[in-house]
Amino acid sequence: MTAMIEDIDRDVFVQVQTDLLVVGDSIMTDRHHASNGNYEDNDPQNQIGGIIPAFSLSGWLRHGMEKVVQEREGTACHPGESNANFRKDDVYSRDIEAGYHPKGDCVEDGNEGCVIHDLFGGFGNQPGKIMRRPIKFSPVRSSVDYTRGQAEGHYRRINRNVVSRNQEDNREPLRNAELDAVGNLDGSWHLSYREVKPEFVALLAEAIEFLDAHKTDFMHQLGGARNFGGGIVDCELVNPLYEEHELRRVFDRGKGNTNKMDDKDEKWREEYLSEFKTELVERIEGGP
Ligand SMILES: [Zn+2]
């Protein structure tokens, strides 16, 4: 049965769709190339692409994975450093009680560590075993390569005028806030395992399912502007058994699944995923 894992490629893809994504001020755009100095924020003709860095995506995924571990009665590595100052913090001790163990405690005394530690890495130079890539987006659908973790998305700069609420001020603007946003994002997020293990694949599948089911929960929205409906993400793990032309088909609105894809979906659910989930349960139960 463990041979099944050999059918799983290191590269996996998650389909992500959201109406509005605001990633702090960290969306990188190629505006300066595209506009030749004449860029107008509000011009619908602007053809600006860019990159959504992996930081927010990674945090969002990690949080989903932590939840999956906790729902199975395991504890997850705390994402923060457990230094002396931080340990004093109420938030930290509250977190520890709510299903976390201090970061890195699980690898002390030569233990293999929890599955979260394994995937996201620990202190210093220790990389996690799942590489989270940025998503490159473009407004021109025909130039989006979904097999390379790209997405269709429309860059917008949102200007928010914060006005005075004092009557006698006559709604005088107090300050102007600019937000980088991507509208109508639709594409694929490319993740690569540095090492493929059954429990890694099961955890990713379950976390993506969890995040999709909880997409309107504040805690599980992605990026900023969540109070204003930003970051509500529809997400789905693309069947890892698909070949490249089938992966491409997932993102083609005009085309549905082939019979072969449907067969693979069944095979994935009934055989692969259920086997991998068994290994995930064992790992969490044996775990810290
Ligand atoms: Zn841990």
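Starting from 1, residues in each chain are numbered consecutively following that chain's sequence as written. Given that this is a predicted model, residues contribute local features only at a pLDDT of at least 70 and side-chain atom pairs are listed and counted only at 80 or more, while totals for whole chains, interfaces and linings are drawn from all residues. With hydrogens and water set aside, each side-chain value is computed from the structure's full complement of heavy atoms.

(A) Here's a closer look at the pairing of strand E9 (residues 173–193). In terms of strand pairing, strand E1 (residues 11–22) meets E9 through eleven bridges, oriented antiparallel. Looking across to E9, one finds that Leu20 is bridged to Gly183. With three bridges connecting them, strand E6 (residues 130–132) and E9 associate as antiparallel partners. Residue pairing in the sheet places Ile130 in a bridge with Tyr193 of E9. Where strand E8 (residues 150–163) meets E9, twelve bridges bridge the pair, whose relative direction is antiparallel. By the bridge assignment for E9, Arg160 is matched with Ala177. At least two DSSP bridges between two strands are required for those strands to pair. Numbered from the N terminus, helices here are DSSP runs of H or I no shorter than four residues, and strands are runs of E no shorter than two.

(B) Expanded view of the packing of helix H2 (residues 54–71) against helix H6 (residues 198–213). Interaxial distance between H2 and H6 falls to 8 Å at its minimum, and their mutual angle equals 105 degrees. Of the possible angle classes, the one that applies to H2 and H6 is roughly perpendicular. Here Trp60, Leu61, Gly64, Met65, Lys67, Val68, Val69 and Glu71 of H2 come into contact with H6, specifically with Leu203, Leu204, Glu206, Ala207, Ile208, Phe210 and Leu211. Geometry is summarised by axes, namely lines fitted to C-alpha atoms with helices restricted to the contacting stretch, and by angles between N-to-C directions that run from 0 to 180 degrees. Our angle categories are set so that under 35 degrees counts as roughly parallel, over 145 as roughly antiparallel, 65 to 115 as roughly perpendicular, and the remainder as oblique. Here, residues are in contact when the closest pair of their heavy atoms is within 4.5 Å.

(C) Local environment of empty space enclosed by the protein. Cavities and pockets were defined on a 1 Å grid built over protein atoms only: a cavity is a set of grid points that admits a 1.4 Å probe from which the probe cannot escape, a pocket is an open set flanked by protein on both sides within 12 Å along at least five of seven lines, and lining residues are those with an atom within 4 Å of any such point. Grid points are joined across faces, edges and corners, and a volume is the space filled by probe spheres set on the points. All chains considered together, the criterion is met by two cavities of 30 Å³ or more. Space inside the largest cavity adds up to approximately 60 Å³. If you trace the largest cavity, you find it lined by Val69, Gly74, Thr75, Cys114, Val115, Arg283, Ile284, Gly287 and Pro288. Each pocket or cavity is described by its volume, and for the second largest cavity that value is around 30 Å³. Lining of the second largest cavity is provided by Val16, Thr18, Leu21, Leu57, Leu185, Leu222 and Val233. Looking at which element gives the most residues to the lining of the second largest cavity, the answer is E1, with three residues. Here the nonpolar group is Ala, Val, Leu, Ile, Met, Phe, Trp, Tyr, Cys and Pro; Asp, Glu, Lys and Arg are the charged ones; every other residue, Gly included, is treated as polar. Partitioning the lining of the second largest cavity into residue classes produces six nonpolar, one polar and no charged.

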